[in-house]
Amino acid sequence: MASKGWQHPYVNIFKHVRLEDWKRSTKEGDVSSYMNKTLKCSVFSIRGPVPANSYILVPQNSNHSLGLIGRYFYLLFRPTPGKYFVVHLDVSTKENQVVRISFSNMFKEFKCTPTSLQFPFLCGAAKDSVYENTAKSTRQGLMGPAPSSVRWTCLMMDLQYILSIYLNHGYSYLKSIKLCANMTVKNMFTSDLLLDPGISFSEAKLMGLASSQGTGPMPREMSFPLPKGNSWHDFYDYIRFPSEGTKLSLDSIQKGNSQPEAEVIGSQKMPVREEPRSVNISKTVQDRLSLIQQITTPKSHLRNQIPLVTNMPQLGVATNYQKNGCHNYGNHQQQSSCCGLGQLTFRPPCGADDRGAHVYLHPEDRFSKNEEESKEEFVCAHIPQPVHLTSSNGKGEKKLIPDPILRLSRIIGFGGATTKYALWTKSGDAVVYPCHAIIVSLKICSKQQSFFTGHTDKVSALAFNGNTTLLASAQTGSHSVVRVWDYHQRNCLAMFRTHAHSLSSLSFSYSGGLLCGVGKDKHDKTMVVVWNTRKVSKGGEVTILAKAHTDVDILTMKVAFFDDTRMVSCGQDNIRLWRMRNGKLLSCPVNLGEFHSVNFTDVAFQEGPSFNQCLDDRTLFASSRNGFIFEIDYSRAVITNVRKLLPAQQQNVDCREKMAFNTGPGISINCISVSSSFCCTGSEDGFLRLWPLDFSTVFLEAEHKGPVSLVSVTSDSLWVLAGTSNGAMGFLDVHNRVYNTLMRSHTDAVLGFSMDGIHHHLTTASADGTVRIWNMDTLQQLYDFVSEDSPCSVVFHPSEQVFSCGFDSGVVRVFDISSAKLLAEHVLSQHRGKVVGLAFSPDGEFMYSADSQGSLALYNASVEDHSVIKVVCNVVARGTERAPDALAVSRNNRCLAFIGPSEYIVTIADSRSLDELLHVDVSILDVESPRLDSALKVCFSVAATEHLLVATSANKILWLSTKTGRLLREVSKVHKHQCSSLAVSDDCRFLLTAGHNVLKVWDYNMHLGVNSQMFIGHSQPIRQVSFTPDQLSVVSVGDAIFIWDFLAYPVNSLPTSCSPPKVSHLSALQPEKPADETSEVWLSKGMPRQSAPLPSAPLPRMDVSTLDQVDQSALDSSFSDDIPSALTVPAPTTNARPAASFLKVTELNSTSANDTCHIDTGEFSGKKSVRPNCYRHFIPRFKISTAHQAPVAPQPGEECVKLKAVIGYNGNGRGNMVWRPEQGLFAYSCGCVVVVEYFHTGRPRHLQGHSEEISCLAVTNDAQILASASGSSNSRSLICIWHVQSGTCQNTISYHKGEVQSLAFSRDDRFFLSAGDFSEPVVALWSTRAFQLLSSISVSGPIHDLAFSPSSASELGFVGSQRVNFCLIQSHGSIVDLKVHRVTAPVEVGNVEMTALCYHMDSILFTATNRGHICSWDVSTHHCFMTWEANKGEIGVLLCRENRLLTGSNTRWLQLWDVGAVLRMKPEEKVERVEGSGTGMVVLAQEIMLDGTTVSAAFDSTVDMGIVGTTAGTLWYINWSDNSSVRLVSGHKTKVNDIVFSSDERHFATCSEDGSVRVWLVPSNELVVQFQVLNQACGCVCWSPSSSSDKACLAAGYSDGSLRIFRLASSEMEMKLHPHRVAVTSVLYSTDGHMILSAGKNGLIAVSDPVNGTTIRVIKDHKGASVTTIQCVKEQCKKFGLEGNEMWLAASADRRVSVWAADWSRDKCGLLDWLTFPAPVYCEDGSPPPSLAAICPADPSLVVYTGYGEEKELLFYSLAKKQITKKIALPHWATCFSLSSVRQLIAVGSKERVLKLIKSSSGRFQDFMLHSDSLQKCHFSSSGRFLFTLSQNEILLWQVQDF
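Trainee: I would appreciate a short explanation of the overall build of the protein chain in the present structure.
Mentor: In terms of regular secondary structure, the protein chain is built from 10 helices and 135 strands. Counting only residues that meet the buried cut, the protein chain has 57% of its 1843 residues in that class. Sequence-distant contacts in the protein chain: of pairs separated by 6 or more residues, those separated by 24 or more amount to 51%. Of the roughly 75600 Å² of accessible surface on the protein chain, 49% is carried by carbon and sulfur atoms.

Trainee: Explain the sheet that holds strand β133 (residues 1817-1820) here, please?
Mentor: Backbone hydrogen bonds hold the strands of a sheet together, and the pairing may be parallel or antiparallel. If you walk across this open sheet you meet the four strands as β79-β135-β134-β133, and the pairing is antiparallel. Strands at the two margins of the open sheet, each flanked by one partner only, are β79 (1201-1207) and β133. Sheet twist, expressed as the mean angle between neighbouring strand axes with direction ignored, is 20°. For strand β134 (residues 1826-1831) and strand β135 (residues 1834-1840), the ladder comprises six bridges, and the chain directions are antiparallel. The partner of S1831 across the bridge, within β135, is E1834.

Trainee: Help me understand the pairing of strand β54 (residues 770-775), please; the structure alone is not making it clear to me.
Mentor: Moving residue by residue along a regular strand, the side chains alternate between the two faces of the sheet. Among the six residues of β54, six are classified as buried, and the element is accordingly described as predominantly covered. Burial of β54 is two-sided: the residues T770, R772 and W774 facing one way and the residues V771, I773 and N775 facing the other way are all buried. Connecting the antiparallel pair strand β53 (residues 761-766) and β54 is a turn made up of three residues, with G769 showing a positive phi of about 90°. Across five bridges, the pairing between β54 and strand β55 (residues 781-786) is antiparallel. Bridge pairing links W774 to Q781 in β55. Between the end of β54 and the start of β55, which pair antiparallel, lie five residues, with L779 showing a positive phi angle near 65°.

Trainee: I keep staring at the pattern of salt bridges and nothing clicks. Help me out?
Mentor: Where charged atoms from two side chains of opposite charge approach closely, those side chains can pair. Counted under the stated rule, the structure contains 47 salt bridges. Note that D685 and R689 form a salt bridge whose closest N and O atoms lie 2.9 Å from each other. Looking at D685, the relative accessible area reads 37%, which means it is partly exposed. For R689, a relative accessible area of 4% gives the class buried. Through salt bridges with shared partners, a single ionic network connects E1683, D1703, R1706 and K1708.

Trainee: Before we go on, may I ask you to explain the packing of aromatic side chains in this structure?
Mentor: The geometry of an aromatic ring pair is captured by the separation of the ring centres together with the interplanar angle, meaning the angle of the planes. Under the defined criterion, the tally for this structure stands at 66 aromatic pairs. On the numbers, 6.0 Å between centres and 80° between planes, the contact of W22 with F44 is edge-to-face. Here F44 lies in strand β4 (residues 41-47) and W22 lies in the loop between α1 (13-17) and β2 (26-28), a separation of 22 residues in the sequence. The interplanar angle of 45° and the centroid separation of 5.4 Å between the aromatic rings of W232 and Y236 together place this pair among those described as tilted. The buried category is assigned to W232, whose relative accessible area is 4%. One aromatic cluster is present, built from ring pairs that chain together W152, F224, W232, F235 and Y236. The ring of F807 has R813 lying over it, and the distance from NZ or CZ to the ring centre is 4.5 Å. The side chain of R969 reaches across the aromatic face of W959, ending 4.8 Å from its centre.

Trainee: Looking at this model, I keep getting lost on the sheet that holds strand β58 (residues 812-816). Mind explaining?
Mentor: If you trace the four strands from one edge of the open sheet to the other, you get β56-β57-β58-β59, paired in antiparallel fashion. In the strand order of this sheet, the two ends are held by β56 (791-796) and β59 (821-826), each with one partner. The average undirected angle you get between the axes of adjacent strands in this sheet is 20°. Across five bridges, strand β57 (residues 802-807) lies against β58 in antiparallel orientation. Each bridged residue has a counterpart across the sheet, and for G806 the counterpart in β58 is V812.

Trainee: Just to check I follow, could you spell out helix α3 (residues 159-167) for this structure?
Mentor: Residues spaced three or four apart along an α-helix point in a common direction, a consequence of the helix completing one turn every 3.6 residues. For α3, the full list of buried residues reads L159, I162, L163, I165, Y166 and L167. Where α3 begins, the capping side chain belongs to D158, and its oxygen is found 3.4 Å from the backbone nitrogen of Q160. Backbone geometry just downstream of α3 places N168 in the positive-phi region, at approximately 60°.

Trainee: Teacher, can you tell me more about a negative patch on the surface here?
Mentor: Taken together, the side chains of E864, D865, E1724 and D1725 make up a negatively charged region of the molecular surface. As for its placement among the helices and strands, E1724 is situated in the loop between β124 (1708-1716) and β125 (1732-1735).

Trainee: How should I be thinking about the side chain of H1296 in this particular structure?
Mentor: Mapped onto the secondary structure, H1296 falls in the loop between β87 (1288-1293) and β88 (1300-1305). Accessibility expressed as a relative area gives 1% for H1296, which makes it buried. Here the side chain of H1296 touches S1314 through a polar contact of 2.8 Å, side chain to side chain.

Trainee: Explain the environment of I405 here, please?
Mentor: On the secondary structure map, I405 appears in the loop between β21 (387-390) and β22 (406-412). A relative accessible area of 0% means that I405 is categorised as buried. Expressed as a C-alpha distance, the spacing of I405 and D1045, which sit 640 residues apart in the sequence, is 8.2 Å. Those residues in contact with I405 that lie beyond four places of it in its chain are L400, F990, V1001, Q1013, F1015, D1045, F1046, L1047 and A1048.

Trainee: Quick question: what am I supposed to make of unusual backbone geometry here?
Mentor: If a residue is not glycine, its phi is most likely negative; likewise, a peptide bond is most likely trans. H8 connects to P9 through a cis peptide bond whose omega is 5°. With respect to the helices, strands and loops of the structure, P9 is situated in the segment before β1 (10-12). With an omega dihedral of 5°, the bond running from G900 to P901 counts as a cis peptide bond. Within the fold, P901 resides in the loop between β65 (895-899) and β66 (905-910). With a phi angle near 50°, K973 is a residue other than glycine that sits in the positive phi range. Positionally, K973 belongs in the loop between β71 (967-972) and β72 (979-984). A positive phi angle, near 55°, is found at Q1832, a position not held by glycine. Examined against the element boundaries, Q1832 turns out to sit in the loop between β134 and β135. A relative accessible area of 26% places Q1832 in the partly exposed class.

What counts as what
Numbering of residues starts from 1 in every chain and runs along the sequence as written. Two thresholds apply to this predicted model, a pLDDT of at least 70 for residue-level local features and 80 or more for giving and counting side-chain atom pairs, whereas whole-chain, interface and lining totals are computed over all residues. Side-chain metrics in this entry use all non-hydrogen atoms of the structure; hydrogen atoms and water are not considered. What counts as a helix is a DSSP run of H or I of at least four residues, what counts as a strand is a run of E of at least two, and both are numbered from the N terminus. The buried label applies to any residue whose accessible area, calculated with a 1.4 Å probe on protein chains only, is under 20% of its type's maximum; exposed applies above 50%, and partly exposed to all values in between. In this analysis, two residues are considered to be in contact whenever any of their non-hydrogen atoms come within 4.5 Å of each other. Using the Shrake-Rupley algorithm and a 1.4 Å probe, accessible areas are obtained, with residue cover drawn only from the displayed protein chains. Any two strands with at least two DSSP bridges between them are considered paired. Here the axes come from fitting lines to C-alpha atoms, over the contacting stretch only for helices, and the angles between their N-to-C directions go from 0 to 180 degrees. Note on definitions: salt bridges are taken to be side-chain nitrogens of Lys or Arg within 4 Å of carboxyl oxygens of Asp or Glu. Side-chain rings of Phe, Tyr and Trp, where Trp is taken by its six-membered ring, are said to pair if the distance between their centres is within 6.5 Å; with planes under 30 degrees apart they count as stacked, over 60 as edge-to-face, and otherwise as tilted. Here, a charge over a ring means that NZ of Lys or CZ of Arg falls within 6 Å of the ring centre while also lying within 35 degrees of the ring normal. Distance and chemistry together define a polar contact, namely a pair of N or O atoms within 3.5 Å, with one atom able to donate a hydrogen and the other to accept it when in protein, and with adjacent residues in sequence counting only for side-chain atoms on both sides. Residues enter a patch when their relative accessible area is above 30% and they make no salt bridge; the linking distance is 9 Å between like charges and 5 Å between nonpolar side chains (Val, Leu, Ile, Met, Phe, Trp, Tyr). Charge convention: Lys and Arg are scored as positive, Asp and Glu as negative, and His as well as the terminal groups of each chain are ignored. A charge is said to be at NZ when it belongs to Lys, at CZ for Arg, at CG for Asp and at CD for Glu.

All we've got here are geometric facts, nothing functional implied.
Shown next as structure tokens:
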């Protein structure tokens, strides 16, 4: 078409295409024409149950185009009452892209993709009908099917405006139109004119309207008939989209202002082309519309000129500073304040040159009628009544930044609607699974989560196509929808309804062109739908290929991977094969024969060698509830093989022929997955089992705590994914035989939570009856507390590893996590209802609880039993709706707030006595409200603000004064639903609220135009929200646990457009220091050389007249923990000497890049030490033992034992490994021993001199002197100075009060530096001549690392909290000073801990942070010239040589960076931030992942090779040239429970709390093999008596009551036994190896056969007391009166010992003797000493016993004489002992860390103290030549010598 002039003024589309002929258009389904009596013309009716199946399409051929260029599209139609309709418009853009614009009353929400727009259509109703009244009350049309009184409608759509706004495209022409059922259509046309159907031609002529002006009346052939004298709008509806109304949403099509437009035009008497309009934008399109100016038109009846608002009155909290004065805003503004400010809207520019936006005030709109969540607030200002402020969403307004302020980071949870779906990606590097309404993609290696959001209800099914590029998901509920996602881009390609109540199964074809779903229709019949998804990735729509209804049950349905048209399903009593043919879905059942009543659970195809494999060769597997596996010939639809899978101890039955079902119960199989080489099944008994394809035997299995609901094998068959019905998910590494848990979750709603900021723990209480503790860093579950009583609220102690839990019964229990024991249980008679509130005071001294019956209890939390101090009844409002946080404690520990005694009263009480201080009735605060307002939640703000926030039932938040109860501020319409939780950030800048399933973050002071941001994701109501203690994250719980990143800018980095909110009576006291101001200097001695700078303005005094009568010092101390120190500084006085607290202000509040000052050592003596939040800082292991002060050490050369080896490395140390490759020196610490090795000799030397855990090491540059540091049992730590060659201690230093954090020698070895830990952050400088103290300085925050400069011996540096300290050693004769320049961390890295540093030769210092940043500093100028993010975690180790920088972090990555470009940079060329790892400036050269967090590292001069230590207790040799790593030293990370020698003494075995059993080689002490059982603790281990290495086996007992037998030769588990229901405490083979004796914590002893795994007998004599020892010896028992060739004993915690005679070959076992040792009542703290017994190896008729009794002693009992024959007195209670087979030696260990070697014949003894904690085990080898001692994870091997 060459010319488009024929399309003006309009185009009648039906006439243009000659619709009646159906040549250029097409119809499908029930489409007919008839004469309509209302319109008096012929109309078209489109009807059908499915809108997509009945339609009119113009033009007929999709290759043709209408080519209509008219901007406006008009449709004259009437929706069919009670039905749905859909309209599709295909529009071409100027970029030659086709966009589909669709609208329908079926759509529930607006959707936008690059190629499609979907708008909900809200139908209008007839005038004065009940439907119109409903629509008016809600200010919107009716959602869903059209009402019965729906009217004929003229819809106008501005196509050019729609494309510009939503997609930023230009409009070209209308391509095609598709009108789908159900509707009646008169006509449609396009035009460039804005036509008004309510204006006749005569009225238009009188108004002067003409087409030349872009407007006019509706053409006669397109208009609706109207009776004379009536208004058009009384009979018909006119809808313009986008809407012209100011209150209508821009993402839905609905009827706007019912006022006739003719009246508007008539009143103006001016022709207009398009009426200016104001719109409210939803979050969906807010980003697109942010660049478009929002406009509005003043209402037509406003005759006076609308005033222009030039400024707004500043509103804030009324304070004491403002009582005497009032701002004068002028008469006009005062009048506006009194009447209330109306809606603020923007008017569009009138001319081309008018670029401004004018703000108009509408006095008649005093209160907003918009039902959307508004931003209204009442603020107490300087006028008699509160001012009502309504914010607008204008472009120029300030808003909360950054946007978004929250980012979903991690979710703890799996399942929700189903646990049957979790999918591998094709590469096997990620798992995709549902968590309620969120779809999570979890990276296996990094554990990083990404999310697919958009579902509004729980996800019920997932499916991948073959190459995992497309992901399909379905949600449950009555409005079930299916979404198709681009997996890699994580965007939704299509969304469509399923017409089913809920989809239970989805399956993609391999190509992704077909999607199959199964659900239930409204009649509860099974419905199968097949969709065509071939075009979805290219922007095409999804269409239904076929749909079938069936009466058979379908549990799962899968599309065959080799044929897109074939499917298979299974369910109750059926297996069916399906096929798509000619657009129909056909099915045929598999002939089940005698198995017709089997409940089938899952189906799977065997993977063939190729997709072209013959169909006859395809085998289909099906699983069933009763344990059958069916093999089905797919081509013939018959069963070819049936197998019944039995438990492991029963043989499998192959049933190729008719089988007899008398072989016992089978395994109830829930799911099945088949690879090319094996089949895996998940069963109801909790086992994941791997079978060969002939199902002959189980070759691998993993046990879970719940039924296995899903199994899935990766494409390479290396990993098997498993999920359980109780919310756990993990995968089995088939090759390495290791199971890895990916996620655990609650199975019901999470009711409440609490956080431990010190240990990064999160505890949750759930409706599933469990209390769980999670690691917030790894998301792993640490503990699980299960009780018959349902928990309802939890709270952590603020400083200890203790948490309290309240239950539905009213019981309050207190648990100690570190010891996993119950500390206290309070069953109060006053607590008769559910515990609705639990809280600790911030100082940890008190605990509070409240119940649903109104009781309030106060506890003493400073004692272990948390004794009850006071209980008050009927003071808390009754009911459970305020759970779990019904109590709030102020941050200064003074006040307790709660709602009560009625729901209308908020009470503030004294936190120490529960005396009531204040009552506030919230129901009377709003006198105009027709309903009484009640309080729901209370929350204290920062103590300095004296604010209490109250959430009410009217969806308001009230700011109340905690002093007077006065209402300070009020915010209304906070949420659409009631607020369920409140939280305030520590800096008082942000407020967090939750309502229903919505989370909001607010500007605390409400000073912005847009004060909040809203976040969704939860599918159920949110129960509780809170900031994390470090303020970096937000946690919300409800259906699952959501952890959000809190992205708020630090205060000092906020953009100038949005200054940080301030509390008016807490002004900033310290102005920013000018950049050129002279820095103050710190010196190690004396006062500052310059006087401290005073503030530039007078300091305001704080009004404390209304506080309780306390002294000023008490006031300062109470405020110092809650607000910045600057706020507590008194006003300056005339005293010339500044106060110490003023010096503190100078240090903490300065923002200068070079801020230096001096602080006296004693200044911080009264400040409470707080452990820093970084792993780099050394924290010793928790110990309850104390070292013995007077051990009897042997004379040199007379020792009866000599330390031979130390097993392991202390991964808890920091910098406790050194290596000098030039001299071959290698040293590290384990416990309190330093191990020194010279690589050229290979012989280790053990330096013994410490009694506590060694924290760090340092060595001189010539490798002659070694320094080691540890804590001490007294008040000061110990530093030992060793001469390396001789191994002697030359000197000791005891200076630091706490632990020593770091040590360093200077370049010339003249100086030695030491730093204390956070309890006393002191840096001390020593002379290496006599190690005398030269100088010391004390700093305000913790010190994490220090180092000397390699280029200058007088330069050094150290780092700590937010600071880098550059130091210079200045000598003045014999006086040495340290000049310190303190520099704050760069603003780019935020509020961080500076954790590590290292120097480069070229005057550059590198520092690291706990957030993974590296900062480069110019040493000469002390300026940071470059930063980059090197890691996502905390970097704790830095090392630089030449152009290479090494970093080690808590993410386990060891990284090597090329920093040559950094070294060549000029310092003045500042680079604020470098993103990524390869930017041309810093390059990540190599990286390697280790087995734990890096804590120490030492490399050669070129960083090519080195040694690295990790928290896993491993020392690695790293070689970067070949990218290899070799394990040098191995050790246990957790507590070691047992250690035993093999009978041939060539191996020894250890077991630990982490579930590992390790076998070591003697004498090299190298790790041979490790057997790992996840989520179980291994408590004991023993060797089989076989002397052959090929037959040697290990038996280990675990905390779940199981025994596992491992064979050393094959390195595999041979058998698993489960003889106990509780933890196994002792295990031992019989002397002939034919039986295994094991004992449980409940005292039961089981005798089991290691060959078949059966339990032969159970001995119950010790029932009720934990068995501590079992021992067997080969001995003929006839001399004791019983038959037997073996004698064994058992000792239990109740001081009872039983001795038995046994002959296992004849199944005989009889009691030989029973010993009971009396003892007084144990009155000391903790548990009594263990009861231990052993048979004397030299004389089996003697039994040696020790335990709690009248005396501390060893007792020798004669079985022959039936009496005690000898006693040996002990100085301490024994915790372990062992008898040697030679030399009559007894080794005794004690809680006092002493190993005592006793000669039993003479009583002579020697003491050895080389452990840092109490001894747990000591074992002699069978030959008596070696002795093992064990303490925590410290293992020492001793060689026994003559005594």
